[in-house]
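If you want the building blocks of each chain, they are given just below.
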Amino acid sequence: MLCVLLGFLLGAECFTVFADRLVIQIEPEWEGKPLVLGRSVEAEAEGFSLSRVDGLLSELELQRSDGTWLPAREWYAFFSLGKNRVTATADGLPAEEFTAVRFRVGLREEIDRGDPQQWDYDHALNPDRNGLHWGWSSGYVFLALEGHWEEKAGKVSGFSYHLAGAASPMRVEVPVRFSGKHPNTLRVAFDLGKVLDSGAVVHKSQSTHSRDGDVMALALKERASRAFRLISVAPDIFQETTEFVSAGEKKVVGTPYALPVSQRLPKVKLPADNPLTVEGVALGQELFHDARLSNGNQQSCASCHDGSRAFTDGRVYSVGASGVSGRRNAMPLVNLAWANGFFWDGRAKKLREQVLMPIQDAHEMNEQLSAVTAKLAKDDGIRAKFKAAFGSEEITSDRLAMALEQFLLTLVSQDSKFDRAARKAGELSAQEKRGLELFVTEFDPARGLRGADCFHCHGGNLFTNHDFMNNGLEERGVDRGRMEVTGNEADRNKFKVPTLRNVAVTGPYMHDGRLATLEEVVEHYNSGVARSRTLDPNLAKHPQGGLGLSEADKAALVAFLKTLTDEKFAGGGLKQFSKTN
């Protein structure tokens, strides 16, 4: 991690960043709405649904500022909604400014008619991978659209439109401004409603295989060329976090929610038994701000986790629905998709367990779950939203937890000044670079190293190790931290290591809010660490007199920590960096 963090500052060759990569994310939709395979859409034909959306792309070109076009060499891509292959990648992007992209749906003649067995297994044109090659004497299907509709009441019929043939190419051009100086993700919508004439196409013909003189194929190709549009451009590369499944494979409730997670963050695994949906996330967000979850309808989750403060409350101790202060500082709610062991003491193993505990805690929301569900069940509007998210109006504590979990999983912070510098879309100041160097450097004077040793507990792009540690705070009162959960004396005074993302706006600090400023936090680790048997060894190895950081070095550390503020997240929480802005 040290090498990765210092690479973009010091020019180390070990640093890897997607600065020369362009990702085009194809998002099939139906008349402006996300398309789910197997689900009926509003169409001219009753019961109209698609079961297959597969295609091949080639001949990518980028338009420079002077109007000339830069072609990508031998660029091919296979996209498939059913196989969750919806991205096409181009590497080697030059550090220039561009104003448009264009590509071809399909292949040029010599490639289309060439030997399909020449392609490696992982190549987009390998017929076993894409399933779009017709046979020994034929070429490829460039775009396969298949599905069902109700020809008569109760009688289901099908359609199969296979567009092929290089003679009438489907060329697409999308205006978009972006810079090759950093990685980019272009979200491009592909509206099948436009291609299939809002479903009316089945009344003319239920199939086409692009034979010579096929008027239907020509019409579909022409419409396909005009069915792409830009949704957004973002200066980052994202992970695949959404599974687009067909309704035949799994009951689909709601619209899949594509969570934007940068590839610079660790691979994320979202709960398979609670897939994110637009409806579920919206319900969770509403419940998060609903005071009916508390006794007397006095406060909501947002009362102690304010989005304008990066989901903290700015108090030393949070105040419950009864007006009584608790004994711990409100933890920030950020990047919970990677977390484990929730609360300062880790008493909840899963996020969906955690969200219900404050509701029932006498010092927090002080309400019974049965009372919460009863209050919500009286609201026709909220029942309708539970139906949209879960398939029925039933309101249970489990569904309450799952909706809150979905919303909280979307709170991803990944676009701070530090992140922009890592993407080569910005630069740290000399003081901030010095702070980062101290942050990731060991304190080992015997080897000539005099850093601040922060990275042991706050390393990686998440800036936390998710562990429970004794960071040298003097014991106060009877709070024993993790020991209260495990009963193990070895866990005495150990607390959850919080992320440092947005740390500049989440004070006061520590589990009991005893430190008011970042300067106090830095000074604690510099000279204020209290010794005990459970003190983390990476702190215990420091000399009794502390690190001896200079005033300039301490100021540099604070300056670096401030670069971890994600303004779009910390300024409102829900305006986080995503593929939609």
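Residues numbered from 1 in each chain as written. Predicted model: local features only at pLDDT ≥ 70, side-chain atom pairs only at ≥ 80, totals over all residues. Heavy atoms only, no water.

K.L.:
Just checking my understanding: could you explain the overall build of the chain for this structure?
P.N.:
Across its full length, the chain holds 19 helices and 17 strands. Compactness check: the chain gives a C-alpha radius of gyration of 28 Å against a globular reference of 25 Å for 581 residues, within 12% of the reference. Along the first, second and third principal axes, the C-alpha atoms of the chain reach 85 × 60 × 40 Å. Here the chain holds 581 residues, and the buried ones make up 55% of them. For the chain, the share of sequence-separated contacts (at least 6 apart) that also reach a separation of at least 24 residues comes to 69%. Total accessible area on the chain stands at roughly 25,700 Å², and carbon and sulfur atoms take up 49% of it. (Helix = DSSP H or I, 4+ residues; strand = E, 2+ residues; numbered from the N terminus. Rg over C-alpha atoms; globule rule 2.2 N^0.38 Å. Buried < 20%, exposed > 50% of the residue type's maximum accessible area, 1.4 Å probe, protein only. Contact = heavy atoms within 4.5 Å. Areas by Shrake-Rupley, 256 points an atom, 1.4 Å probe, with all protein chains shown as cover.)

K.L.:
Sorry, what's going on with the packing of aromatic side chains here?
P.N.:
Each aromatic ring pair is summarised here by two numbers: the centre-to-centre distance and the angle between the ring planes. Per the counting criterion, the structure on display carries 16 aromatic pairs. Summarising the aromatic geometry, the rings of phenylalanine 418 and phenylalanine 463 are spaced 5.3 Å apart at their centres and angled 80° between planes, so their arrangement reads as edge-to-face. Of the two residues, phenylalanine 418 sits in helix α12 (residues 417-422) while phenylalanine 463 sits in the loop between α14 (455-458) and β16 (468-469), which places them 45 residues apart along the sequence. You'll find phenylalanine 418 and phenylalanine 463 in the same group, each marked buried. (Phe/Tyr/Trp six-rings, centres within 6.5 Å; stacked < 30°, edge-to-face > 60°.)

K.L.:
Honestly, the nonpolar core in this entry has me stumped. Any pointers?
P.N.:
Here is a general trend for soluble globular proteins: nonpolar side chains tend to be buried in one another's company. In this structure, Phe48, Leu50 and Leu196 are the most contacted members of the largest nonpolar core, which totals 63 residues. Residues Leu356, Phe390, Met402 and Ala570 belong to the second largest nonpolar core, which totals 49 residues. (Core = buried A, V, L, I, M, F, W, Y, C linked by side-chain atoms within 4.5 Å.)

K.L.:
When you look at a negative patch on the surface in this model, what are you seeing that I'm missing?
P.N.:
Together, Glu31, Glu42, Glu44 and Asp197 make up a negatively charged patch on the protein surface. With respect to the element layout, glutamate 42 can be found in the loop between β2 (33-34) and β3 (49-64). Its relative accessible area of 66% is what places glutamate 42 among the exposed residues. (Patch = residues over 30% accessible without salt bridge, like charges linked within 9 Å, V, L, I, M, F, W, Y side chains within 5 Å. Salt bridge = Lys/Arg side-chain N within 4 Å of Asp/Glu carboxyl O. Lys, Arg positive; Asp, Glu negative; His and termini not counted. Charge placed at Lys NZ, Arg CZ, Asp CG, Glu CD.)

K.L.:
Help me out: how do you make sense of the pattern of salt bridges in this one?
P.N.:
Close approach of charged atoms lets side chains of opposite charge pair. Within the structure shown, the criterion is met by 48 salt bridges. A salt bridge links arginine 108 to glutamate 74; the nearest nitrogen and oxygen atoms lie 3.4 Å apart. Of this pair, arginine 108 sits in the loop between β7 (97-105) and α2 (109-112) while glutamate 74 sits in the loop between β4 (69-71) and β5 (76-80), and the two are 34 residues apart along the sequence. Exposure remark for glutamate 74: the relative accessible area of 52% places this residue in the exposed category. Here glutamate 222 and arginine 226 are joined by a salt bridge, their closest N and O atoms 2.6 Å apart. Among the charged side chains, a salt-bridge network with shared partners connects Asp236, Arg264, Asp415, Asp419, Arg420, Arg423, Arg501, Glu567 and Lys568.

K.L.:
Teacher, can you tell me more about the pairing of strand β1 (residues 21-30) here?
P.N.:
On any regular strand, side chains alternate: one points to one face of the sheet, the next to the other face. Most of β1 sits out of view: 9 of its 10 residues are buried. Pairing of β1 with strand β6 (residues 87-91), which is carried by 5 bridges, proceeds in the antiparallel orientation. Directly across from isoleucine 24, in β6, lies its bridge partner alanine 88. Bridge count for β1 against β2 is 2 bridges, and the pairing is antiparallel. What sits directly across from tryptophan 30, in β2, is lysine 33. Adjacent in sequence and paired antiparallel, β1 and β2 are bridged by 2 residues, among which glutamate 31 carries a positive phi angle near 50°. (Pairing = 2+ DSSP bridges.)

K.L.:
Help me understand the pairing of strand β8 (residues 141-152), please; the structure alone is not making it clear to me.
P.N.:
Two elements, β3 and β8, share 6 bridges in a ladder whose sense is antiparallel. Note on β8: the bridge partner recorded for leucine 50 is glycine 147. Taken together, the 10 bridges between β8 and strand β9 (residues 155-164) define a ladder with antiparallel strand orientation. Residue pairing across strands places histidine 148 opposite glycine 158, the latter belonging to β9. Where β8 folds back on β9, the antiparallel hairpin that results is connected by 2 residues, among which glycine 154 adopts a positive phi of roughly 85°.

K.L.:
Explanation requested: unusual backbone geometry in the structure shown.
P.N.:
Note on backbone geometry: most residues besides glycine have negative phi, and most peptide bonds are trans. Of note, the amide linkage connecting glycine 507 to proline 508 takes the cis form, showing an omega dihedral of 0°. The residue proline 508 is located in the loop between β17 (495-496) and α16 (518-527) in this model. In this structure, asparagine 84 takes a positive phi of about 55° despite not being glycine. Tracing the backbone through its elements, the reader meets asparagine 84 in the loop between β5 and β6. Residue class for asparagine 84 comes out partly exposed when judged on its relative accessible area of 21%.

K.L.:
Looking at this model, I keep getting lost on the state of the cysteines. Mind explaining?
P.N.:
Covalent bonding between the sulfur atoms of two cysteines defines a disulfide. Taken as a whole and judged by the stated rule, the model has 0 disulfides. This cysteine, cysteine 304, is not joined by any disulfide, and cysteine 301 carries the nearest cysteine sulfur, 8.9 Å off. Unpaired in this structure, cysteine 457 has its nearest cysteine sulfur neighbour in cysteine 454, at a distance of 9.1 Å. Relative accessible area serves as the criterion here: at 16%, cysteine 457 is assigned to the buried category. (Disulfide = S-S within 2.5 Å.)

K.L.:
What exactly am I supposed to notice about α16 here?
P.N.:
It helps to recall that an α-helix has 3.6 residues per turn; residues three or four apart then point in one direction. Looking at α16, one finds that the buried residues are Leu518, Val521, Val522, His524 and Asn526. Buried residues in α16 make contact with α18 (551-562).

K.L.:
Which parts of the structure should I look at to understand the packing of helix α6 (residues 278-288) against helix α11 (residues 397-409)?
P.N.:
Angle between the axes and distance between the axes: these two values describe a pair of packed helices. Where α6 contacts α11, the two axes come as close as 7 Å, and the packing angle between them is 100°. Accordingly, the angle class assigned to the pair α6 and α11 is roughly perpendicular. Facing α6, whose interface residues are Gly280, Val281, Leu283, Gly284, Gln285, Leu287 and Phe288, α11 presents Leu400, Ala403, Leu404, Gln406, Phe407 and Leu408. (Axes fitted to C-alpha atoms, helices over the stretch in contact; angles between N-to-C directions. Parallel < 35°, antiparallel > 145°, perpendicular 65-115°, else oblique.)

K.L.:
Before we go on, may I ask you to explain the environment of glutamate 279 in this structure?
P.N.:
Within the element layout of this structure, glutamate 279 appears in helix α6. Separated by 25 residues in the primary sequence, glutamate 279 and glycine 254 have C-alpha atoms spaced 5.7 Å apart. Excluding anything up to four places from it in sequence, glutamate 279 contacts Gly254, Thr255, Ala388 and Ala389.

K.L.:
What's the story with the confidence of the model for the chain in this structure? I'm lost.
P.N.:
Atomic detail in the predicted coordinates should be set aside for any region of low pLDDT. Overall, the predicted model of the chain reaches an average pLDDT of 91, with 93% of residues at or above 70. Every residue in residues 244-249 is under pLDDT 50, and counting partners more than four places away or in other chains gives 14 contacts. Here residues 573-581 is modelled with pLDDT under 50, and outside its nearest four sequence neighbours on either side it reaches 39 contacts, counting other chains as well. (pLDDT = per-residue confidence, 0-100.)

K.L.:
Which parts of the structure should I look at to understand the side chain of threonine 255?
P.N.:
Examined against the element boundaries, threonine 255 turns out to sit in the loop between β13 (228-234) and α6. Threonine 255 sits in the buried class, given a relative accessible area of 13%. In contact with threonine 255, other than residues within four places in its own chain, are Pro34, Arg39, Leu276, Thr277, Val278 and Glu279.

K.L.:
Honestly, the environment of leucine 192 in this entry has me stumped. Any pointers?
P.N.:
By secondary structure assignment, the location of leucine 192 is in helix α4 (residues 192-195). Since its relative accessible area comes to 0%, leucine 192 is described here as buried. Linking leucine 192 and glycine 114, residues 78 residues apart in sequence, is a C-alpha distance of 29 Å. With near-sequence residues (within four places) excluded, leucine 192 lies in contact with Pro28, Glu29, Trp30, Leu35, Leu50, Val53 and Leu145.

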